[in-house]
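# Summary of the model geometry
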Amino acid sequence: MSGLDTEFRSADESPGLLLWQVTNQWQAAIRAALKPFGLTHVQFVLLAALTWLQDSGPVTQKALADLAVTDPMMTSQVLRALEGRALVHRPPHPQDRRARALEATEEGRALVNRAIVAVEACDREFFGALGDGVERFAGALRALRRP
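Residues numbered from 1 in each chain as written. Predicted model: local features only at pLDDT ≥ 70, side-chain atom pairs only at ≥ 80, totals over all residues. Heavy atoms only, no water.

## Focus: helix H2 (residues 41–53)
Here H2 is 13 residues long and its end C-alpha atoms lie 18 Å apart, about the 18 Å a rise of 1.5 Å per residue gives. Those residues of H2 that sit buried are Gln-43, Phe-44, Leu-46, Leu-47, Ala-48, Ala-49, Leu-50 and Thr-51. (Helix = DSSP H or I, 4+ residues; strand = E, 2+ residues; numbered from the N terminus. Expected span 1.5 Å × (residues − 1). Buried < 20%, exposed > 50% of the residue type's maximum accessible area, 1.4 Å probe, protein only.)

## Considering the packing of H2 against helix H4 (residues 72–84)
It is the contact of H2 with H4, at a shortest axis distance of 10 Å, that shows an interaxial angle of 85 degrees. The angle between the axes of H2 and H4 places the two elements in the roughly perpendicular class. Listed contacts from H4 to Val-42, Gln-43, Leu-46 and Leu-47 of H2 are Met-74, Thr-75, Val-78, Ala-81 and Leu-82. Looking at the contact of H2 with H4, its residues break down into seven nonpolar, two polar and no charged. (Axes fitted to C-alpha atoms, helices over the stretch in contact; angles between N-to-C directions. Parallel < 35°, antiparallel > 145°, perpendicular 65-115°, else oblique. Contact = heavy atoms within 4.5 Å. Nonpolar A, V, L, I, M, F, W, Y, C, P; charged D, E, K, R; others polar.)

## Details of the confidence of the model for the protein chain
The predicted model of the protein chain averages 94 in pLDDT, with 98% of residues at 70 or higher. In the model of the protein chain, helix H3 (residues 61–68) stands out as the element of lowest mean pLDDT, 93, in contrast to helix H5 (residues 106–127), which has the highest, 98. (pLDDT = per-residue confidence, 0-100.)

## Let's talk about the pattern of salt bridges
Within this structure, the stated rule accounts for four salt bridges. We note a salt bridge from Arg-90 to Glu-83, for which the minimum N-O separation is 3.1 Å. By relative accessible area, Arg-90 is classed as buried at 19%. Using a relative accessible area of 31% as the deciding quantity, one classes Glu-83 as partly exposed. (Salt bridge = Lys/Arg side-chain N within 4 Å of Asp/Glu carboxyl O.)

## Digging into the packing of helix H1 (residues 15–34) against H5
Two numbers describe how H1 lies on H5: the axes approach to 9 Å, and their chain directions differ by 145 degrees. Here the hand of the crossing between H1 and H5 comes out right-handed. Two secondary-structure elements touch here, H1 through Val-22, Gln-25, Trp-26, Ala-29, Ile-30, Ala-33 and Leu-34 and H5 through Ala-115, Ala-118, Val-119, Cys-122, Asp-123, Phe-126 and Phe-127. For the contact of H1 with H5, the per-class residue count stands at 12 nonpolar, one polar and one charged. (Left-handed = near helix turned anticlockwise from the far one by under 90°.)

## Quick word on the nonpolar core
In this structure, Leu-39, Phe-44, Leu-50, Leu-64 and Leu-82 are the most contacted members of the largest nonpolar core, which totals 26 residues. Contributing elements (two or more residues each) for this core: H1, H2, H3, H4 and H5. Among the elements that take part in this core, H2 stands out by supplying six residues, more than any other. Those residues within four positions of Phe-44 in sequence are excluded, and the remaining contacts are Leu-34, Leu-39, Val-112, Ala-115, Ile-116 and Val-119. (Core = buried A, V, L, I, M, F, W, Y, C linked by side-chain atoms within 4.5 Å.)

## Brief notes about the side chain of Ser-76
By secondary structure assignment, the location of Ser-76 is in helix H4. Of the polar contacts made by the side chain of Ser-76, one reaches the side chain of Arg-80; its length is 2.8 Å. Non-local contacts of Ser-76, meaning those with residues more than four positions away in its chain, are made with Gln-61 and Arg-90. (Polar contact = N/O pair within 3.5 Å; in protein donor to acceptor, adjacent residues only side chain to side chain.)

## Describing a nonpolar patch on the surface
Residues Leu-130, Val-134, Phe-137, Leu-141 and Leu-144 make up a contiguous nonpolar surface patch of about 400 Å² in total accessible area. We classify Leu-130 as partly exposed; its relative accessible area is 39%. (Patch = residues over 30% accessible without salt bridge, like charges linked within 9 Å, V, L, I, M, F, W, Y side chains within 5 Å. Areas by Shrake-Rupley, 256 points an atom, 1.4 Å probe, with all protein chains shown as cover.)

Given below as structure tokens:
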């Protein structure tokens, strides 16, 4: 027996393969957009999410990882790297003595606000091929996203 035993007649019929291919292309575009800012994609996501969340009060690492949908251990490692660059500060949490309250520093907020302009421009260009279907596409992604 030779060949791949698949239900699809063509690779272009496989939604999983298509998602993989498009995700890789999008991630390459995002990496290029973030390069001038010295941020990896995950660093950007965590710094942006932290900047967003901290307007509502102290942010725990768990709350940040939940919003970003990142692995808690990896989140901790990335936060340490951001703290080493003085982009994030982790003082004691005011209500939980065991936790840290994460904060983007002034420098971190300034950097992420410059970077988000480039990221959103990259997204507009990348997803522009969808034309008026961008909102529908985003809705389909929300339907696939799991808590």
